[in-house]
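Working through the structure, step by step
Below are the chains, spelled out letter by letter.
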Amino acid sequence: MVQLPIYLDNHATTRVDPRVVEAMLPYFSAVYGNPGSATHDFGGAAKDAVEDARSSIAEAIGAQAKEIVFTSGATESNNLALRGIAERAAVTASKKASHRRHIISAATEHPAVLDTLAHLARRGCEITRLPVIPSPDTQAGLIRLEQLTDALRDDTVLVSIMLANNEIGVIQPLAEIAKLCKKSGVLLHCDATQAVGKIPVDVEQLGVDLMSFTAHKIYGPKGVGALYVRSRGPRVRLEPQIDGGGQEAGRRSGTLNVPGIVGFARAVEICREELFTEMPRLAALRNRLYAGLTSGLAEVTLNGPALDLPDLRLPGNVNVSFGYVEGEAIMLEMRDVAVSTGSACTSALPEPSHVLRGLGMSEDAVRGSIRFGLGRFTTGEEIEFVIARAVEVVTRLRTMSSG
Ligand SMILES: Cc1ncc(COP(=O)(O)O)c(C=O)c1O
């Protein structure tokens, strides 16, 4: 018997792994010092735990410990990267003749990037949002490298492209994007929030200069994330966005979330150990889900890139549109299965998903969409239940609307 409700919204957040909870527990009441307290062992023990966590997270992504800045999550990391670089360019401009204020990103980025760019646009930056390959296409959702090349200018200061999309799971060719940026002397930021822990991610292989990620998408706690900031080739400098006690080498002040950071490192470590068994397991479950939906129902279309191109799509992601029904109606009728119609961060707003719109989909197809996010705790039995439930609910809703 499957236990209800079933959680298939792992792009929004994930359940904290019990092994992560276990690692965190001592850091609430046994090792509770402030890592900034250099004068006693309480502080020293907390600092040691933070530095061990920093080294282990850095190693997992091919970085050096000093290149990791802990934050409150990927939203803050994205803000620090984009505002920090744009403001740094403005600050140094007073000493130099030219002022780079052009930033390139994509139309399908997360609001934590898009809204930060809108903020920067109000303060004089010029923003180019690249379109993506429309649906249906095996490469739907990818940016076109020729368009990036054309968009790069002498005054471009930064390119910000996500590694994996939170709605359609499309994986952008960051290594190739990095080559283009490097050739033009432009910094590259990557929002890797949905990718770290789900697919191999190495900052050197990708060639990124800044990279955001967060613990709660990888079975770690909420409220802790990191920004990777390259220290060499080039050394990236950014303006801090939170001033105060000078923690994180002055790049992000505030007392560190020690239990969160310890949990973050444990979460990264578990993902690393299990990555190569988990990726094919999730892809097989995801493919079974899609096959079950398309064999049980007519008019089901895949949104985003092909499922059989593993380099192009996150293994745990499938996003489909059901013809003649609304995603909202499906969710209301399918209360025992937690899914989503767009990104959780924007679900307070009635606006249809900007990512699906970015794929050039019709309003009906956007409204009929459901995002399924499979994760570590998803089982084959759950997938069979979800297929049967979705087929039943969609069939009933279609009969009601036609009758
Ligand atoms: C791609 C992407 N970037 C950024 C974020 C924001 O992360 P956080 O919740 O850690 O602030 C999310 C979470 O929804 C995301 O999916």
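Residues numbered from 1 in each chain as written. Predicted model: local features only at pLDDT ≥ 70, side-chain atom pairs only at ≥ 80, totals over all residues. Heavy atoms only, no water.

Before going further, it helps to examine helix H13 (residues 380–402). Here H13 spans 33 Å end to end across 23 residues, near enough to the 33 Å set by a 1.5 Å rise per residue. For H13, every residue scored as buried is listed here: Glu382, Ile383, Val386, Ile387, Arg389, Ala390, Val391, Val393, Val394, Leu397 and Arg398. The secondary structure elements touched by the buried residues of H13 are strand E1 (6–7), helix H9 (258–296), strand E10 (317–322), helix H10 (327–333), strand E11 (337–338) and strand E12 (369–373). (Helix = DSSP H or I, 4+ residues; strand = E, 2+ residues; numbered from the N terminus. Expected span 1.5 Å × (residues − 1). Buried < 20%, exposed > 50% of the residue type's maximum accessible area, 1.4 Å probe, protein only. Contact = heavy atoms within 4.5 Å.)

Surrounding the ligand, one finds 14 residues, the nearest of these being Thr75, Asp191, Gln194, Thr214 and Lys217. Aspartate 191 is positioned such that a nitrogen or oxygen atom in its side chain is 2.7 Å from a nitrogen atom of the ligand. Within the side chain of glutamine 194, an N or O atom sits 2.8 Å from an oxygen atom of the ligand. A total of 400 Å² of accessible area belongs to the ligand in isolation, and the protein chains cover 89% of it. If you tally residues by element for the shell around the ligand, the top one is helix H4 (residues 74–93), at three residues. Grouping the amino acids of the shell around the ligand by side-chain chemistry returns three nonpolar, nine polar and two charged. (Near = heavy atom within 4 Å. Polar contact = N/O pair within 3.5 Å; in protein donor to acceptor, adjacent residues only side chain to side chain. Areas by Shrake-Rupley, 256 points an atom, 1.4 Å probe, with all protein chains shown as cover. Nonpolar A, V, L, I, M, F, W, Y, C, P; charged D, E, K, R; others polar.)

To continue, consider the pairing of strand E7 (residues 210–214). Within E7, five of the five residues are buried, leaving the element largely enclosed by the surrounding structure. In the sheet, strand E6 (residues 187–191) pairs with E7 via three bridges, with the strands oriented parallel. By the bridge assignment, aspartate 191 is partnered in E7 with serine 212. In the sheet, E7 pairs with strand E8 (residues 225–229) via five bridges, with the strands oriented antiparallel. Looking at E8, one finds that serine 212 is bridged to leucine 227. (Pairing = 2+ DSSP bridges.)

This part covers empty space enclosed by the protein. With the rule as written, the count across this model stands at one cavity of 30 Å³ or more. Around the largest cavity, the lining is made up of 18 residues, and of these Gly197, Lys198, Tyr219, Glu278 and Leu282 lie nearest the centre. No other element matches H9, which puts six residues into the lining of the largest cavity. Residues belonging to the lining of the largest cavity are distributed by class as follows: eight nonpolar, six polar and four charged. A domain split of the lining of the largest cavity shows at least three residues from each of domain 1 (6–15 + 275–402) and domain 2 (18–268). (1 Å grid on protein atoms, 1.4 Å probe; cavity = no way out; pocket = protein on both sides within 12 Å on 5 of 7 lines; lining within 4 Å. Points joined across faces, edges and corners; volume = space filled by probe spheres on them. Domains from an automatic or database assignment.)

Let us now look at the sheet that holds strand E4 (residues 126–130). Strand order in the open sheet formed by seven strands is E2-E8-E7-E6-E5-E3-E4, with mixed pairing between adjacent strands. Each of the sheet's edge strands pairs with one partner strand only, and the pair in question is strand E2 (68–71) and E4. Pairs of neighbouring strands in the sheet enclose a mean axial angle of 20°, with direction left out of account. Against the sheet, H4 touches E2, strand E3 (102–106), strand E5 (156–160), E6, E7 and E8, its axis set at about 160° to E7. (Axes fitted to C-alpha atoms, helices over the stretch in contact; angles between N-to-C directions.)

Where burial is concerned, most of E3 is hidden: five out of the five residues are buried. The side-chain alternation of E3 yields two buried faces, one formed by His102, Ile104 and Ala106 and the other by Ile103 and Ser105. In terms of strand pairing, E3 meets E4 through five bridges, oriented parallel. Among the inter-strand pairings, histidine 102 is bridged to a residue of E4, identified as glutamate 126. In this fold, E3 hands off to helix H5 (residues 111–122), which returns the chain to E4; that crossover is right-handed. As paired strands, E3 and E5 are joined by three bridges and run parallel to one another. Within the sheet, the bridge partner assigned to isoleucine 103 lies in E5 and is leucine 158. (Right-handed = clockwise from strand over helix to strand, strands pointing away.)

Next up on the list: the domain arrangement of the protein. Structurally, the protein comprises domain 1 (6–15 + 275–402) and domain 2 (18–268). Averaged C-alpha coordinates put domain 1 and domain 2 at centres separated by 28 Å. Tallying the contact residues gives 38 residues for domain 1 and 37 residues for domain 2. Contact between domain 1 and domain 2 buries roughly 2900 Å² in total, counting both sides, with carbon and sulfur atoms accounting for 57%. One can count zero salt bridges joining domain 1 with domain 2. The interface formed by domain 1 and domain 2 holds 18 residue pairs in polar contact (both at pLDDT 80 or more) in total. Here the side of domain 1 that touches domain 2 gets four residues from one element, more than from any other, and that element is helix H11 (residues 354–358). Its residues assigned to classes, the side of domain 1 that touches domain 2 shows 18 nonpolar, 15 polar and five charged. (Buried area = accessible area lost by both parts, 1.4 Å probe. Salt bridge = Lys/Arg side-chain N within 4 Å of Asp/Glu carboxyl O.)

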